[in-house]
Amino acid sequence: MRSTNKDMADSLFYWGVAKIFKFGIGVAAINWDKVSEKKKRSVEKATDSIAEKIQKRNGRVKAGIKTKSFFFLMHMLQKKGWNEADVRYWKEKGWTEKARPWKQSKGESTLL
């Protein structure tokens, strides 16, 4: 589970997700119906706790230095024309100039 969580977190990071929560637990079953009630309660408690943290931070997550640094690297690659479709997308978003995905107007998502 650790390597799967890391792989998914890495992908989300490369997509520009500023805060990533990870959760993994062995359930020793091939489907949810076969999981013991005790284990289900444990999973529910943990995921409820994570959901509460996510809701508290909604709209207040800031991009960290790692995200900004990686964005700058990609910004330089896109300015040089690394991939035609990506260059076009980045130009539409204004990211090859001064715009940044973490500096957006409220209610607007520049990442999607």
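Preceding this paragraph is the structure being described.
Thresholds, definitions, all that
Residues numbered from 1 in each chain as written. Predicted model: local features only at pLDDT ≥ 70, side-chain atom pairs only at ≥ 80, totals over all residues. Heavy atoms only, no water. Phe/Tyr/Trp six-rings, centres within 6.5 Å; stacked < 30°, edge-to-face > 60°. Buried < 20%, exposed > 50% of the residue type's maximum accessible area, 1.4 Å probe, protein only. Helix = DSSP H or I, 4+ residues; strand = E, 2+ residues; numbered from the N terminus.

**Q** I tried to follow the packing of aromatic side chains on my own but got confused; where do I start?
**A** Both the distance between ring centres and the angle between the ring planes are used here to describe each pair of aromatic rings. Scanning the model with the defined rule gives 8 aromatic pairs in all. Summarising the aromatic geometry, the rings of F13 and Y14 are spaced 5.3 Å apart at their centres and angled 65° between planes, so their arrangement reads as edge-to-face. Residue classification places F13 among the buried residues on the basis of a relative accessible area of 14%. With a centroid separation of 5.1 Å and 80° between ring planes, the pair formed by F71 and W102 is classed as edge-to-face. Here F71, found in helix 3 (residues 65–79), pairs with W102, found in the segment after helix 4 (84–93); they are 31 residues apart in sequence, far enough to count as distant. Exposure remark for F71: the relative accessible area of 9% places this residue in the buried category. Members of the aromatic cluster, connected to one another through ring pairs, are F71, Y89, W90, W95 and W102.

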